[in-house]
There are 2 protein chains.
Amino acid sequence: MKLTLPPRVSLADFDAALKKFEAVVGKEWVLATDQDRDVYSDIYAPGSEEEWPASAAVAPSSVEEIQAIVRIANEFKTPLWPVSRGKNLGYGAAAPRMPGSIVLDLGRMTKIHKVDPDLGYCVIEPGVSFFDLYEHIQRNNYPLWMSVPGNAWGSVMGNALDHGIGYTPYGQHARNICGMEVVLPDGDLVRTGMGAMSNNQASHLFPFSYGPSWDQMFTQSNMGIVTSMGMWLMPAPETSLQMTLDIPNEDDIGWVIDTLAPLKISGLIDQSIFVPSWLGKIVLLGQRGDFWDKPGAIPEWRVQELLKEHKLGYWQVSLRLYGERDVVRAKADVIKKAFRKHIQADFLEEWWQTGDPVNAMDTTMGVPSAVALQMGDWVGGRGAHMGFSPVVPANSKHVMHQLKRSRAIIAAHDVDFYASFTIGGRFANNINMLMYDRDDEAQVLNIRKMFNALIEDARKSGYGEYRTHLGWMDPVADTFDFNNHALRRLNEKVKDALDPNGIIAPGKQGVWPSAFRGQADKGVRS
Amino acid sequence: MKLTLPPRVSLADFDAALKKFEAVVGKEWVLATDQDRDVYSDIYAPGSEEEWPASAAVAPSSVEEIQAIVRIANEFKTPLWPVSRGKNLGYGAAAPRMPGSIVLDLGRMTKIHKVDPDLGYCVIEPGVSFFDLYEHIQRNNYPLWMSVPGNAWGSVMGNALDHGIGYTPYGQHARNICGMEVVLPDGDLVRTGMGAMSNNQASHLFPFSYGPSWDQMFTQSNMGIVTSMGMWLMPAPETSLQMTLDIPNEDDIGWVIDTLAPLKISGLIDQSIFVPSWLGKIVLLGQRGDFWDKPGAIPEWRVQELLKEHKLGYWQVSLRLYGERDVVRAKADVIKKAFRKHIQADFLEEWWQTGDPVNAMDTTMGVPSAVALQMGDWVGGRGAHMGFSPVVPANSKHVMHQLKRSRAIIAAHDVDFYASFTIGGRFANNINMLMYDRDDEAQVLNIRKMFNALIEDARKSGYGEYRTHLGWMDPVADTFDFNNHALRRLNEKVKDALDPNGIIAPGKQGVWPSAFRGQADKGVRS
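### Regarding empty space enclosed by the protein
Which parts of space are left empty comes out when a probe the size of a water molecule is rolled across the atoms.
(1) Moving on: Per the counting criterion, the structure on display carries nine cavities of 30 Å³ or more.
(2) Moving on: Here the largest cavity is characterised by a volume of approximately 200 Å³.
(3) Moving on: Taken together, the residues that form the lining of the largest cavity break down as six nonpolar, four polar and four charged.

### Remarks on the sheet that holds strand β15 (residues 348-353) of chain A
Note on sheets: strands pair through backbone hydrogen bonds, and any given pair is parallel or antiparallel.
Residues and elements named next belong to chain A.
(1) Moving on: Strand order in the open sheet made by the three strands is β14-β12-β15, with antiparallel pairing throughout. Because the sheet does not close on itself, it has two edges, and the strands there are β14 (315-323) and β15. Direction aside, neighbouring strands of the sheet carry axes that sit 15° apart on average.
(2) Moving on: Taken together, the six bridges between strand β12 (residues 239-247) and β15 define a ladder with antiparallel strand orientation.

### Concerning the relation of the copies chain A and chain B
(1) Moving on: When chain A is brought onto chain B, the operation consists of a screw motion whose angular component is 180° and whose axial shift is 0.0 Å, with 0.0 Å RMSD remaining. What the rotation and shift describe, once combined, is the action of a two-fold rotation axis.
(2) Moving on: Of the interface residues in chain A, 100% have counterparts in chain B that sit at the interface too, so the contact is made through matching surfaces.

### As for the pattern of salt bridges
Residues and elements named next belong to chain A.
(1) Moving on: Following the criterion strictly, the structure yields 67 salt bridges over all chains and no others.
(2) Moving on: Salt-bridge contacts for arginine 320 lead to aspartate 362; the nearest nitrogen and oxygen are separated by 2.7 Å. Residue arginine 320 is located in strand β14, and its partner aspartate 362 is located in the loop between β15 and β16 (383-388); the two are separated by 42 residues in the primary sequence. An identical accessibility class is assigned to arginine 320 and aspartate 362; each is buried.
(3) Moving on: For the salt bridge of glutamate 456 with arginine 459, the shortest nitrogen-to-oxygen distance reads 2.8 Å. With glutamate 456 and arginine 459 both in helix α11 (residues 441-461) and three residues apart, this pair spans about one turn of that helix.

### Describing the interface of chain A and chain B
(1) Moving on: Listed per partner, the contact involves 91 residues of chain A and 91 residues of chain B.
(2) Moving on: Surface buried jointly by chain A and chain B totals about 7900 Å² across both partners, of which 67% is contributed by carbon and sulfur atoms.
(3) Moving on: The largest contributions to the chain A side of the interface with chain B come from A:Tyr210, A:Arg426 and A:Phe482, which together make up 13% of the buried area.
(4) Moving on: Our enumeration of links across chain A and chain B arrives at four salt bridges.
(5) Moving on: A salt bridge links B:Asp188 to A:Arg489; the shortest N-O distance between them is 2.7 Å.
(6) Moving on: One can count 37 residue pairs in polar contact (both at pLDDT 80 or more) joining chain A with chain B.
(7) Moving on: Each residue belonging to the side of chain A that touches chain B can be placed in one class, and the counts come to 47 nonpolar, 28 polar and 16 charged.

### What to know about the environment of A:Gly507
Residues and elements named next belong to chain A.
(1) Moving on: Looking at where glycine 507 falls in the secondary structure, it is placed in the segment after α13 (482-498).
(2) Moving on: Overall, glycine 507 belongs to the buried group, its relative accessible area being 0%.
(3) Moving on: Once residues within four sequence positions are removed from consideration, glycine 507 is found in contact with Arg97, Asn222, Met473, Trp512 and Pro513.

### Section: the state of the cysteines
All names here are of chain A.
(1) Moving on: Under the definition given, this model contains zero disulfides over all chains.
(2) Moving on: Left without a disulfide partner, cysteine 122 is nearest to the cysteine sulfur of cysteine 178, which lies 11 Å away.
(3) Moving on: Classification of cysteine 178 by relative accessible area gives buried; the value is 0%.

### Some words on the packing of aromatic side chains
(1) Moving on: A full pass over the atoms with the stated rule returns 30 aromatic pairs over all chains.
(2) Moving on: Aromatic rings pair up to connect A:Phe206, A:Phe208, B:Phe427 and B:Tyr466 into one cluster.
(3) Moving on: Across from the ring centre of A:Trp153, 4.8 Å away, lies the NZ or CZ of A:Lys87, which sits over that ring.

### Some thoughts on the side chain of A:Asp162
Residues and elements named next belong to chain A.
(1) Moving on: Considering the arrangement of structural elements, one finds aspartate 162 in the loop between α5 (156-161) and β8 (177-183).
(2) Moving on: Classification of aspartate 162 by relative accessible area gives buried; the value is 12%.
(3) Moving on: For aspartate 162, the residues in contact, after removing those within four places along its chain, are Asn88, Gln220, Tyr466, Arg467, Lys508 and Gln509.

### Some remarks on the pairing of strand β17 (residues 390-393) of chain B
Residues and elements named next belong to chain B.
(1) Moving on: Along β17, one buried face is formed by Pro390 and Val392 and the opposite face, lined by Val391 and Pro393, is buried too.
(2) Moving on: Pairing geometry for β17 and strand β20 (residues 464-465), over two bridges, is antiparallel. Pairing of valine 391 across the sheet is with glycine 464, part of β20.
(3) Moving on: With three bridges joining them, β17 and strand β19 (residues 427-437) adopt antiparallel strand pairing. Each bridged residue has a counterpart across the sheet, and for valine 392 the counterpart in β19 is alanine 428.

### Quick notes on helix α8 (residues 300-309) of chain B
Side chains of residues three or four places apart in an α-helix project in the same direction, reflecting 3.6 residues per turn.
Residues and elements named next belong to chain B.
(1) Moving on: Every buried residue of α8 is accounted for by Arg302, Val303, Leu306 and Leu307. Each buried residue of α8 lies within a common arc of 145° when the element is viewed along its axis, so the set occupies one face. Seen from the buried face of α8, the exposed residues on the opposite side, beyond 90 degrees, are Trp301 and Lys308.
(2) Moving on: Two residues or fewer past α8, lysine 311 is found with a positive phi of approximately 50°.

### Quick notes on unusual backbone geometry
(1) Moving on: Positive phi is not limited to glycine here, since A:Lys77 has a value of about 60°.
(2) Moving on: On the basis of relative accessible area, A:Lys77 is assigned to the partly exposed category, the value being 40%.
(3) Moving on: Its identity is not glycine, yet B:Arg8 carries a phi of approximately 60°, on the positive side.
(4) Moving on: Relative to the helices and strands, B:Arg8 is located in the segment before α1 (11-25).

### Examining the packing of helix α6 (residues 253-266) of chain A against helix α10 (residues 396-412) of chain A
When two helices pack together, their arrangement is captured by the angle between the axes and the distance separating the axes.
Residue and element names in this part refer to chain A.
(1) Moving on: Put simply, α6 and α10 touch, their axes get as near as 8 Å, and they point 145° apart. Every pair of crossing elements has a handedness; the one defined by α6 and α10 is right-handed. Taken together, the residues of α10 that come into contact with α6 (itself represented by Ile253, Gly254, Ile257 and Asp258) are Ser396, Val399, Met400 and Leu403.
(2) Moving on: Taken together, the residues of the contact of α6 with α10 sort by class into five nonpolar, two polar and one charged.

### Regarding helix α3 (residues 63-76) of chain A
Residue and element names in this part refer to chain A.
(1) Moving on: In a regular helix each residue adds 1.5 Å, so 14 residues correspond to 20 Å; α3 covers 20 Å between its end C-alpha atoms and thus fits that length.
(2) Moving on: Judged by how many residues are buried, α3 sits mostly within the fold: 10 of 14 residues are covered.
(3) Moving on: Those residues of α3 that fall on the buried side of the exposure criterion are Val63, Glu65, Ile66, Gln67, Ile69, Val70, Ile72, Ala73, Asn74 and Phe76.
(4) Moving on: The first or second residue beyond α3 is lysine 77, which carries a positive phi of 60°.

### Some words on the sheet that holds strand β10 (residues 225-232) of chain A
All names here are of chain A.
(1) Moving on: Taken in spatial order, the five strands line up as β5-β6-β10-β8-β9 in an open sheet, and their pairing is antiparallel. Each having just a single partner strand, β5 (112-116) and β9 (189-191) make up the two edges of the open sheet. On average, each strand axis in the sheet is inclined to that of its neighbour by 10°, with strand direction left out of account.
(2) Moving on: Relative to β10, strand β6 (residues 121-124) is paired through four bridges, and the arrangement is antiparallel. In the strand pairing of β10, valine 123 is matched with glycine 230.
(3) Moving on: Along the sheet, α3 makes contact with β8, β9 and β10, crossing β8 at roughly 50°.
(4) Moving on: On the sheet, helix α4 (residues 130-139) packs against β5 and β6 and is oriented at approximately 50° with respect to β5.

### Overview of the side chain of A:Ser155
Residues and elements named next belong to chain A.
(1) Moving on: Structurally, serine 155 is set in the loop between β7 (144-145) and α5.
(2) Moving on: The exposure class of serine 155 is buried, given its relative accessible area of 5%.
(3) Moving on: A distance of 2.7 Å separates a polar atom in the side chain of serine 155 from the backbone oxygen of proline 126.
(4) Moving on: Beyond its immediate sequence surroundings of up to four residues, serine 155 is in contact with Ser84, Arg85, Pro126, Val128, Ser129 and Phe130.

Conventions used here
Residues numbered from 1 in each chain as written. Chains lettered and ligands numbered in written order. Predicted model: local features only at pLDDT ≥ 70, side-chain atom pairs only at ≥ 80, totals over all residues. Heavy atoms only, no water. 1 Å grid on protein atoms, 1.4 Å probe; cavity = no way out; pocket = protein on both sides within 12 Å on 5 of 7 lines; lining within 4 Å. Points joined across faces, edges and corners; volume = space filled by probe spheres on them. Nonpolar A, V, L, I, M, F, W, Y, C, P; charged D, E, K, R; others polar. Pairing = 2+ DSSP bridges. Helix = DSSP H or I, 4+ residues; strand = E, 2+ residues; numbered from the N terminus. Axes fitted to C-alpha atoms, helices over the stretch in contact; angles between N-to-C directions. Least-squares fit on C-alpha atoms with pLDDT ≥ 70 in both. Contact = heavy atoms within 4.5 Å. Salt bridge = Lys/Arg side-chain N within 4 Å of Asp/Glu carboxyl O. Buried < 20%, exposed > 50% of the residue type's maximum accessible area, 1.4 Å probe, protein only. Buried area = accessible area lost by both parts, 1.4 Å probe. Polar contact = N/O pair within 3.5 Å; in protein donor to acceptor, adjacent residues only side chain to side chain. Disulfide = S-S within 2.5 Å. Phe/Tyr/Trp six-rings, centres within 6.5 Å; stacked < 30°, edge-to-face > 60°. Lys NZ or Arg CZ within 6 Å of the ring centre and 35° of its normal. Arc of directions from axis to C-beta. Left-handed = near helix turned anticlockwise from the far one by under 90°. Expected span 1.5 Å × (residues − 1).

Rendered as structure tokens:
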């Protein structure tokens, strides 16, 4: 990819900044060739990668190096786009929101500062992947389980900071964050929570600061660069029970949610409950062409055939309980009783106990896996996906309303429907996987048009995205419109105070520093 | 109390501001007589109430009135000290940190905007008391339980914003906050979280914003005035089991914590577990003079006599489990097995099930009560208390270390020892109730001296206060010293950006706006 300079930065200043970066991190960790830029592009880009081009990347290996880079960036006004491991797939991967930003690649920061097996937490740097942390825990035989997203090859920290979700009792990953170390846009280094006291013993245990608490402000955020943070880990249970049940019909999701959500809210079920539609299973069995050889969405009659052929329900409920055997047994009985009001079929039960082997693909046991990525191959070509991800109240009224409307829009655009609802508490994340061949221009245009329609339709019903792709960060920010966009004013006011030169991740989630506010209209919106 | 003007505000400007306030709220809701000022003083003040004098109070009844008041305060540079119901007892009550601040009394804002019995949350204004909300829930027969602090006559919102704690599964009150409406220091009105979208359906269900999340920044904070917020409420359980056990010796707290904390962290016990020392029971039986008639701390031999006489342990563990009967039964068995490794005695068990009467004093069932206030009478005279409240890791090593040291300091100052540990997760709040006769100058001086010693000693061991009295907000803020007080710099930078005139709660938790930074040294520190 050819060089795109950051807005209002001359080639001379850009080069001077890179030279200074080299002095900090070494020549080999400043990456600015055409090939380097390709590496930091969105490999699933809905359109040309050149819509979101990085100008270069710089990869520090320490907090001090990050501070030095930030100071240089302030000197030359060169915007930085921090990524942990750059695996934000479906939402932009490592690519920056603002064209020409320099990717600050934190992938070399791979220290696991601490794992406390008794109090159940770790302190990690941004480059630590789910696989890294998993191996570290296994190697040391710590009695701790992780919570991992469907596709787990990214960064533990990056995923949590972007409000990623998993399928264990620790499935709201940002809620496990406790105590951060952050390089602020002026190069200052702050610790949040109790860690603001040197040598505090509860830095990663108590979730508040004395005074205002900042951890959550640094999530989905461009207010600073998190260089390490505490995350709570789940104590390994003595036993665990998986309960799986196929649910036959599309409309059954209504009673399923009304049955599961109260059990989740009361704490009887403590995991984040993942309920995917049938396509989530079929994508693991082959490519689209193996099941339907015509363009356009698979028609409903063929869907019904496929469900029969593969003995699948329209939805699958796969629960997991954790804990002491008798407690788990008693909980399972409550769940079965609740389901029996609606369905004859019994759950398939699989017990696990300490010492048993762990299924290497089981995200509900916190085992990292990249199997879910297989859906990228569904349509063929250079396959890709984007996630349309509104948050809905966890009840049938809202789940059905959202389902019916987005399903109709997706059908109208002749795209295969693949939805899931993850009940994280009183809400469900409705993630719609939109898969496309990124070399097929018509498909890409269709997906983009549909994406706009989905956002606008959800807004009308009062549902907001919890996360979105680079190209839609501004349109989604626009939907948060209360009091003529008061939240944007608050975001911008704090952003400008902390980052007067606007050098950290301009445009992230629609938050623009005054220095680059004019850039909001650049990048795809339709 | 005579008038103390706010710093750098002339009497003419002060009077002009009050006049304008009157135009907004009506004459009767601007309170500026000597008697009015008395009402807003710290009724438990460790010293003269005149150390923390309010100059006046203004009591709005709507968001629009608050916005108007804030704009007037900016015009005349008059600092406002917002209180919800002003019952922050032991930490300053309604009194302001900076002498001469005008109390913004939100006690008239008593709307309960919503209670959702199915999704389990309420949306409330600052003036809603625990009793108000409790009555509202009872009157409507909503199947919801609250979480209340030991003394529950304050504001639900105010308590949560100040990181108050309760003794149910929802005992970390600030963690139940979800979606706020806030008047910013410039009078702008913002909604956080999903509520930043007009008419969003998940405003009080999903705990994050799209982009940076702000809820926690507005806790223990002077960044804005929260005018309403969502709080999660616990679904009423089908059954509940109370398990009570007296623990004989002081040092037993070590194994008690090491037994309970893992069960709390694993989720087997879901409540915040309150473990008070013996004096917590004795204060309910009478005054100090009924048990020991000499000055100075009750000597250890007499303590041992009292424990025998009243059949008390040095500590009491009173657990409560919630849920379906068989699940609760199975959980109880796990707990009993764990305790049997250390103690012969059995728990006293009391089952409750839906329909049974509720013990009106039972905070673990979310019933508000003011019984705990009785300890204010312990020493006699105009009795009062202050809380010394460091946060420690929830294990025996740290709990014993903190206990031994603070106990020695308190003994050295010849004051009765009353500690509790509340296990809220991976940490415990160690609350030491320091009781005194506020008309006895020697006692007050002794308490103040001791308080400084306790803070400094805890800091040396790496333990920080989670909350403190007005007079120690700065000394405690000083203990958060990482990187030469980086947290203070972050706090101040955001404070100055949002509140350039420094009109909202200057000095709250040691956060001073630049306009009043010179005032930090005023008010008691030793």
